[in-house]
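Here's the letter readout for the chains.
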Amino acid sequence: MSNAGRQLTLNLFIYPGGHHEAAWRYKDSEPARVLDIRYYQELARKAEAAKFDAVFLADGPSLAENVRYSSRVRFEPVTWLTAIAAATEKIGLIGTASTTYNEPYNLARLFASLDHISGGRAGWNIVTTSDAGAAHNFGLPEHPPHGERYEKAREFLDVVTKLWDSWEDGALVADPQTGIFADADKVHRIDHVGKHYRVRGPLNVSRSPQGRPVYVQAGSSEDGRSFAAQFAEAIFTAHQTLASAQEFYSDIKARAAALGRRPDHLRILPGISPFLGSTQTEADRLEEEINALIQPAASLDQLKRMIGVDLSGYDLDGPVPRHIIDTNGPKGLASRFQLVVDIVDRENPTIRQLIQRLAGARGHRVVVGTPEHVAGEIQTWFEQGAADGFNVMPPYLTGGFDTFVAEVVPILRQRGLFRHEYSGATLRDHYGLPRPDSLFAAEQRKSA
């Protein structure tokens with residue numbers, strides 16, 4: 001593939017305390033600040049000063065079971081990002097919201113409002129929620145099955161898109177001389193009637209600066225790939241090997257092209273969690289120090305959710321009992337299950353080695369080494385058809401990110417891979433994405 005003129009996309013994926021499972025216990029972390037908005041505003045300003053494309057916050061509508069040992073409290077994303085918007089000027093703002101446990105109208109209002117408040121920097125990470133326990137927080141007897149969640153997600157996204165487009169560009173007039181506030185001919189009811197939703201519209205927020213917030217998706221199952229190829233403008237994904245990332249990259253780009261989309265209008269962004277040191281020995285020591293803080297019970301619980309098998313009764317320093325792991329894994333976690341099984345089959349780790357590997361970034365790629373080594377890995381994946389950029393997942397905060405910005409980003413710039421300054425002001429500008437026309441405007445042009 002041609003790399004002429006391509007620039008890396010870099011997001012700061014913020015996880016309270018850091019992405020390593022035991023990061024909150026590390027001596028340089030600040031666990032008491034996980035509910036201090038100033039802590040996150042400071043991080044976002046650092047990312048903006050480094051000219052990162054966006055900050056990203058993951059979320060789920062339930063409390064993880066292993067809160068006894070792990071930092072699991074977090075802000076609601078749109079509220080959090082609105083506070084980040086007030087403290088920054090150009091960096092993109094991506095938040096997670098579930099199509100399984102939200103209503104389209106409310107969610108459309110939230111993200112349209114965020115896009116207005118931030119001047120066009122909002123992105124929506126579209127998830128279907130894999131945690132079955134969430135159903136009990138919403139009065140449901142059971143969690144909807146995987147296929148049904150994706151079917152509902154497609155209709156949900158259709159409704160949200162229509163709502164964001166229900167005000168055409170130029171519909172908001174606000175002319176005191178004529179007394180016209182809005183051109184009613186450019187404000188449309190959507191009159192959606194589907195299997196899961198009935199929504200009249202229009203939205204009570206006019207069209208946002210980006211036209212629509214950027215559509216982001218995370219998921220590598222067959223349903224997830226199909227959904228991403230059809231709708232996503234950025235994809236968050238997890239891969240352990242260059243070959244796996246290349247296969248995913250080429251598959252998604254080919255699917256998008258087959259649907260009539262431009263492949264370069266879809267950014268594929270694996271996660272990378274860098275343990276950095278001035279020497280390889282120093283980087284290894286940092287990883288070992290944080291791994292030593294793991295609570296095995298918490299890590300085994302995380303592994304159980306990924307593979308559907310409880311290994312707590314086995315010797316931690318013995319081999320992973322591959323023969324008792326089912327071929328399909330837990331429903332709704334197919335891609336992460338396969339990632340773990342591939343590690344076991346490829347590397348034959350002990351149980352302790354496996355949980356340490358997964359504790360580093362929950363299945364995302366952990367790279368341990370010098371700044372030159374980490375920059376080289378990023379460059380290789382970028383230039384060899386595996387990624388358009390990365391979600392940077394510091395193992396601990398804030399130091400893990402500070403080191404990346406101070407020591408890795410300059411190398412990427414020296415190699416011509418990453419920007420020195422922003423060339424635009426919106427998230428679509430940063431990602432090189434077009435501003436879409438309203439669906440209703442396009443329909444009127446066809447009928448004219």
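Scroll up for the structure.
Asks: Tell me about the overall build of the protein, and name the residues and values.
Replies: Within the protein one finds 14 helices and 13 strands. In terms of C-alpha radius of gyration, the protein reaches 22 Å, essentially the compact-globule figure of 22 Å for 448 residues. Taking the principal axes of the C-alpha coordinates as reference, the protein spans close to 75 × 55 × 45 Å. For the protein, restricting intrachain contacts to residue pairs at least 6 apart in sequence, the fraction spanning at least 24 positions comes to 78%. Accessible area of the protein: about 18,800 Å², with a carbon and sulfur share of 50%.

Asks: I'd like a description of the pairing of strand β12 (residues 365–369), backed by residues and values.
Replies: Extensive coverage of β12 is indicated by the burial of four of its five residues. Note: strand β11 (residues 267–276) against β12, five bridges, orientation parallel. The residue bridging leucine 276 from the neighbouring strand is glycine 369, located in β12.

Asks: Explain helix α10 (residues 351–359) residue by residue, including any values.
Replies: A turn of α-helix holds 3.6 residues, and therefore any two residues three or four places apart point the same way. The complete set of buried residues in α10 reads Ile351, Leu354, Ile355, Leu358 and Ala359. In a view along the axis of α10, the buried residues occupy a sector of 130 degrees, so they form one face of it.

Asks: Give a detailed account of the pairing of strand β3 (residues 92–98), specifying residues and quantitative values.
Replies: Within β3, seven of the seven residues are buried, which leaves the element mostly enclosed by the surrounding structure. Burial along β3 is two-sided: the face carrying Gly92, Ile94, Thr96 and Ser98 and the face carrying Leu93, Gly95 and Ala97 are both buried. Examined bridge by bridge, β3 and strand β4 (residues 122–127) share six bridges and lie parallel to one another. Residue pairing for β4: leucine 93 is matched across the bridge by alanine 122.

Asks: A description of the packing of aromatic side chains should follow, citing residues and the corresponding values.
Replies: Any two aromatic rings considered together are summarised by their centre-to-centre distance and by the angle between their planes. Per the stated rule, a full pass over the model turns up 18 aromatic pairs. On the basis of an interplanar angle of 80 degrees and a centroid distance of 6.4 Å, the ring pair of phenylalanine 52 and phenylalanine 404 is categorised as edge-to-face. Remark: phenylalanine 404 occurs in helix α12 (residues 399–414) and phenylalanine 52 occurs in the loop between α1 (37–49) and β2 (54–57); sequence separation between them is 352 residues. By the burial criterion, phenylalanine 52 is buried, and phenylalanine 404 matches it. Ring centres 6.0 Å apart and planes at 75 degrees place the aromatic pair phenylalanine 52 and phenylalanine 418 in the edge-to-face group. Taken together, the positions of phenylalanine 52 in the loop between α1 and β2 and phenylalanine 418 in the loop between α12 and α13 (427–431) put the pair 366 residues apart, joining distant regions of the chain. Ring-pair connections join several aromatic residues into one group, and the members of that group are Phe111, Trp124, Phe156, Trp164, Tyr197 and Tyr215. Just above the ring of tyrosine 15 sits the side chain of arginine 362; from NZ or CZ to the centre is 4.2 Å.

Asks: Can you lay out the packing of α1 against helix α2 (residues 77–87) for me, pointing to particular residues and giving the numbers?
Replies: Between α1 and α2, whose axes approach to 9 Å, the crossing angle comes to 55 degrees. In terms of their interaxial angle, α1 and α2 are classed as oblique. Two packed elements cross with a definite hand, and for α1 against α2 that hand is right-handed. Within the contact between the two elements, α1 uses Ile37, Tyr40, Gln41, Ala44 and Arg45 and α2 uses Trp80, Ala83, Ile84 and Ala87.

Asks: Could you give an account of the pattern of salt bridges, naming the residues involved and the relevant values?
Replies: Enumeration according to the criterion identifies 30 salt bridges in this entry. Ionic pairing is found between aspartate 36 and arginine 38, a salt bridge with its closest N-O pair at 3.0 Å. Close ionic contact of arginine 207 with aspartate 169 constitutes a salt bridge, the shortest N to O distance being 3.2 Å. Of the two residues, arginine 207 is situated in the loop between β8 (198–199) and β9 (214–218) and aspartate 169 in the loop between α4 (146–165) and β5 (172–175); the sequence distance between them amounts to 38 residues. A relative accessible area of 8% means that arginine 207 is categorised as buried. According to the relative accessible area criterion, aspartate 169 is partly exposed, its value standing at 36%. Overlapping salt bridges, with partners in common, bring together Glu30, Arg33, Asp36, Arg38 and Glu42 in one network.

Asks: An account of the packing of helix α3 (residues 104–118) against α4 is requested, with residue identities and associated values reported.
Replies: Working note: a packed helix pair is described by the angle between its axes plus the distance between those axes. Close contact between α3 and α4 brings their axes to 9 Å; oriented N to C, the two are set at 50 degrees. Here α3 lies oblique to α4, going by the angle between them. In this structure, α3 crosses over α4, and the sense of that crossing is right-handed. For the pair α3 and α4, contact is made by Pro104, Tyr105, Leu107, Ala108, Phe111 and Ala112 and by Phe156, Val159, Val160, Leu163 and Trp164, respectively. Its residues assigned to classes, the contact of α3 with α4 shows 11 nonpolar, no polar and no charged.

Asks: Describe the nonpolar core, with residues and values.
Replies: Judged by nonpolar contacts, the single largest core of 70 residues is most densely connected at Phe52, Val55, Trp124, Trp164, Ile378, Phe404 and Leu412. Those residues in contact with leucine 412 that lie beyond four places of it in its chain are Leu8, Leu10, Ala375, Ile378, Leu417 and Phe418. Core analysis: the second largest hydrophobic core is formed by 20 residues, Met306, Ile343, Val344 and Ile355 among them.

Basis of the calculations
- Residues numbered from 1 in each chain as written.
- Predicted model: local features only at pLDDT ≥ 70, side-chain atom pairs only at ≥ 80, totals over all residues.
- Heavy atoms only, no water.
- Helix = DSSP H or I, 4+ residues; strand = E, 2+ residues; numbered from the N terminus.
- Rg over C-alpha atoms; globule rule 2.2 N^0.38 Å.
- Contact = heavy atoms within 4.5 Å.
- Areas by Shrake-Rupley, 256 points an atom, 1.4 Å probe, with all protein chains shown as cover.
- Buried < 20%, exposed > 50% of the residue type's maximum accessible area, 1.4 Å probe, protein only.
- Pairing = 2+ DSSP bridges.
- Arc of directions from axis to C-beta.
- Phe/Tyr/Trp six-rings, centres within 6.5 Å; stacked < 30°, edge-to-face > 60°.
- Lys NZ or Arg CZ within 6 Å of the ring centre and 35° of its normal.
- Axes fitted to C-alpha atoms, helices over the stretch in contact; angles between N-to-C directions.
- Parallel < 35°, antiparallel > 145°, perpendicular 65-115°, else oblique.
- Left-handed = near helix turned anticlockwise from the far one by under 90°.
- Salt bridge = Lys/Arg side-chain N within 4 Å of Asp/Glu carboxyl O.
- Nonpolar A, V, L, I, M, F, W, Y, C, P; charged D, E, K, R; others polar.
- Core = buried A, V, L, I, M, F, W, Y, C linked by side-chain atoms within 4.5 Å.

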